Amino acid sequence: KAGVTQTPRYLIKTRGQQVTLSCSPISGHRSVSWYQQTPGQGLQFLFEYFSETQRNKGNFPGRFSGRQFSNSRSEMNVSTLELGDSALYLCASTDGGSRETQYFGPGTRLLVL
Amino acid sequence: DQQVKQNSPSLSVQEGRISILNCDYTNSMFDYFLWYKKYPAEGPTFLISISSIKDKNEDGRFTVFLNKSAKHLSLHIVPSQPGDSAVYFCAASGRETSGSRLTFGEGTQLTVNP
């Protein structure tokens, strides 16, 4: 099976812009979770989508949003970008059970100038 | 509130020796624990997991030990190889949330010297 794919791999934006990142889960996986990795805060959970519904949400401001399509592909959007949003954004997929291993994609490196 | 902590930012070992990476947690609701390995500019790669009903799980060179009373887990790599050099994250999930939500430690940079 192909792994989790994320596009784009690299992105440069300026403050105030918005950005959309995409994630395609492993075939058959119905849950997609998003994480942000920064040097100062480590890996932090953003949100999880399962069957097109947000099932879990981390402690991030409303500028961070996401959605999931019927084919389980997911997008996350960050509006009004701030310098502190520069990070590696990772998505992970599972079949949807609560105690299943999450498999990660390669990430999207976002740089906000 | 750091619920999962890896107190050693780095660890250096000789090839062929044992690497022991440690992780502590504070949330008693955590009942499933995982270890991931990560190279720069790549996503984390799953290594091994353990459920709270067990105290040990082995997979090849990797063994994870869980001490629930101490809220402590460790990853043993035997024998260590230069290709094991990477950042290792422990992660936990708990009964209080449905679905998938991992809480990660800060990571430990393992360097295996030839």
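On a predicted model such as this, the values are computed, not experimentally measured, just so you know.

A short note on the packing of aromatic side chains
All chains considered together, the criterion is met by 13 aromatic pairs over all chains. Here the aromatic rings of A:Phe104 and B:Tyr36 are separated by 5.3 Å at their centres, their planes lie at 90 degrees, and the arrangement is edge-to-face. Residue A:Phe104 is found in strand β10 (residues 103-104), and its partner B:Tyr36 is found in strand β4 (residues 30-38); the two belong to separate chains. Note on accessibility: A:Phe104 and B:Tyr36 belong to one class, buried.

Description of the state of the cysteines
Residues and elements named next belong to chain A. In total, this model carries 2 disulfides over all chains according to the counting rule given. Covalently, Cys-23 is tied to Cys-91 through a disulfide, its sulfur atoms 1.9 Å apart. Between Cys-23 and Cys-91, the S-S dihedral sits near 75 degrees, and the bridge is therefore right-handed. In this pair, Cys-23 sits in strand β3 (residues 19-24) while Cys-91 sits in strand β9 (residues 87-94), placing the two residues 68 residues apart along the sequence. One exposure class covers both Cys-23 and Cys-91, and it is buried.

Quick notes on the sheet that holds strand β7 (residues 62-67) of chain B
Residue and element names in this part refer to chain B. Strand order in this open sheet of 5 strands is β1-β3-β8-β7-β6, and the pairing throughout is antiparallel. Because the sheet does not close on itself, it has two edges, and the strands there are β1 (4-5) and β6 (56-59). As defined by bridge partners, β1 adjoins strand β3 (residues 19-25) across 2 bridges and the pair is classed as antiparallel. Within β3, the position partnered with Val-4 by the bridge is Tyr-25.

Let's talk about the interface of chain A and chain B
By a widely used convention, the size of an interface equals the accessible area lost when the partners come together. Facing 25 residues of chain A, the contacting portion of chain B comprises 22 residues. Note on chain A versus chain B: buried area summed over both sides is about 1900 Å², and carbon and sulfur give 50% of it. Counting across the interface, chain A meets chain B through 0 salt bridges. Our count for the contact surface shared by chain A and chain B stands at 5 residue pairs in polar contact (both at pLDDT 80 or more). Broken down by secondary-structure element, the contributors of at least two residues to the side of chain A that touches chain B are β4 (31-38), β5 (42-50), β6 (53-57), β9 and β10 of chain A. At 4 residues, β4(A) tops the list of elements feeding residues into the side of chain A that touches chain B. By residue class, the composition of the side of chain A that touches chain B is 8 nonpolar, 11 polar and 6 charged.

Each value, and the rule that gives it
Residues numbered from 1 in each chain as written. Chains lettered and ligands numbered in written order. Predicted model: local features only at pLDDT ≥ 70, side-chain atom pairs only at ≥ 80, totals over all residues. Heavy atoms only, no water. Phe/Tyr/Trp six-rings, centres within 6.5 Å; stacked < 30°, edge-to-face > 60°. Helix = DSSP H or I, 4+ residues; strand = E, 2+ residues; numbered from the N terminus. Buried < 20%, exposed > 50% of the residue type's maximum accessible area, 1.4 Å probe, protein only. Disulfide = S-S within 2.5 Å. Pairing = 2+ DSSP bridges. Contact = heavy atoms within 4.5 Å. Buried area = accessible area lost by both parts, 1.4 Å probe. Salt bridge = Lys/Arg side-chain N within 4 Å of Asp/Glu carboxyl O. Polar contact = N/O pair within 3.5 Å; in protein donor to acceptor, adjacent residues only side chain to side chain. Nonpolar A, V, L, I, M, F, W, Y, C, P; charged D, E, K, R; others polar.

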